[in-house]
Amino acid sequence: MLEFGRLITAMITPFKDDGSVDYETFARLCDGLLEAGNDALLVTGTTGESPVLDEEERASLYREAVSVAKGRGKVIAGTGGYNTYESIHLSQMAAECGVDGLLQVAPYYNKPPQAGLIKHFTAIAESTPLPNIIYNVPVRTVTNIDAPTVAAVSEVDNIIGVKEASCDFDLIAEIVRTAADGFLVYSGNDSDTFPIMALGGVGIVSVASHVISGEIRGMVDAIVRGDWEAARDDHLRMLPIARALFPAGWSNPIAIKAAINLSGFDVGVPRLPLVELPEDMQAGLKTLLGEYSLDRYLTAAAVAS
C-alpha cells in the first residue's frame, strides 16, 4: 500500500532575513506543493537543514505542515540522526505533533557497523507506531546501508520503505529482490527516479519538485501506466535541472533555495554553515529554469512580485 504516494517533496525550511524560521512562507510553500501534485511532504530532512534546527522549531514546522495538509496529503518528519536516543525522542515528539510518518537517515559521523544500523532503526521504529522510512545517502553519511541490512529491518512491521540515494543500482536491485514483500523503495535522487522505478521502485522523494512537481508527476504517472517511452523522454529532459540543483562543491539545499528565490518565491538563504549560491551560478540556474514549466505557486508569486 502506497501510504505516502509516489511523489514526496523533501522540503526546504524558509528563513527570514534575521535567520529565524519563516513559518508563514513555509505554510504557503506547503500549500503550493500540495496543489502542484505532491502526495506527501517531508519536513526537517537534510533539504530542510535539520542539523541547524532546534527542537521547538522542528515541532512548529510539523504542526504547521499538518495544519496545511488537512487530509490533502501526508506529512513525514525527518527525525533521524547519529544519536539513537535523541532520534527516539524526536520521533515521539513528531508523533505528538500529528505527523503521519518518519524518515530515519543512516547515522553519520560515528559510522556504526551494519549490526548497529539494524539495532538503531529497530529501536526507533519500536518507540512509536508511526511508519518509518530509512534513508541511505552514503555521500553525506559515509555509512552505506547494505542490502542484507535493509532486508533485515524490512521485517520490522512499521519500517515500510527506504529512500535510496546511493546511486548504486546493483544495491538497489538487490534491495528490491530481497526485502520483505510490500517493502517500498523510493528514489532519493531526482536523476535516479526513472531507473529506480524500472527496477521496481515506487516513486521519488524529490528536491526538484520544489519547482517542477508537475513535470515529475507526469513522468512518474507515465511509468505507472506503462508508457515507458514518454517517461524516458521526460527523464532525459529533466536531467539538466536535476543535476544543476546539486552542483559540485555546493551542498543541498543551497541550489534549490536559489532556484525557488529566482522563480519569484522568497525563501531566504541557508543558515550557516551553508551559504548562498554565488551570483554567477545563479545566473546560469535562472536561464535553465526558463526551459521548464514551473509550478503554479511559483508563477503566481512571480506575477505578484
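The coordinates are above.
Criteria and thresholds
Residues numbered from 1 in each chain as written. Predicted model: local features only at pLDDT ≥ 70, side-chain atom pairs only at ≥ 80, totals over all residues. Heavy atoms only, no water. Helix = DSSP H or I, 4+ residues; strand = E, 2+ residues; numbered from the N terminus. Rg over C-alpha atoms; globule rule 2.2 N^0.38 Å. Buried < 20%, exposed > 50% of the residue type's maximum accessible area, 1.4 Å probe, protein only. Contact = heavy atoms within 4.5 Å. Areas by Shrake-Rupley, 256 points an atom, 1.4 Å probe, with all protein chains shown as cover. Lys, Arg positive; Asp, Glu negative; His and termini not counted. Charge placed at Lys NZ, Arg CZ, Asp CG, Glu CD. Pairing = 2+ DSSP bridges. Axes fitted to C-alpha atoms, helices over the stretch in contact; angles between N-to-C directions.

A. Inspection of the overall build of the chain at higher detail. The number of helices and strands found in the chain is 13 helices and 8 strands. Its C-alpha radius of gyration of 18 Å places the chain within 12% of the 19 Å reference for a compact globule of 305 residues. Taken over the C-alpha atoms alone, the chain extends approximately 50 × 45 × 40 Å along its principal axes. Looking at the chain residue by residue over its 305 residues, the buried ones come to 57%. Here the analysis covers contacts within the chain between residues at least 6 apart in sequence; of these, 72% occur between residues at least 24 apart. With the model as given, the accessible surface of the chain reaches about 12800 Å², and the carbon-plus-sulfur share is 52%. Across the chain, the 22 positively charged side chains and the 40 negatively charged ones have centroids separated by 2 Å.

B. The arrangement of the sheet that holds strand 2 (residues 40-43) in detail. If you walk around this closed barrel you meet the 8 strands as 1-2-3-4-5-6-7-8, and the pairing is parallel. On average, each strand axis in the sheet is inclined to that of its neighbour by 25 degrees, with strand direction left out of account. Judged from the 5 bridges that link them, strand 5 (residues 132-136) and strand 6 (residues 159-164) form a sheet pairing that is parallel. Within strand 6, the position partnered with Ile133 by the bridge is Gly161. Relative to strand 1 (residues 7-10), helix 9 (residues 209-224) is tilted by about 160 degrees, and along the sheet it contacts strand 1 and strand 8 (203-206).

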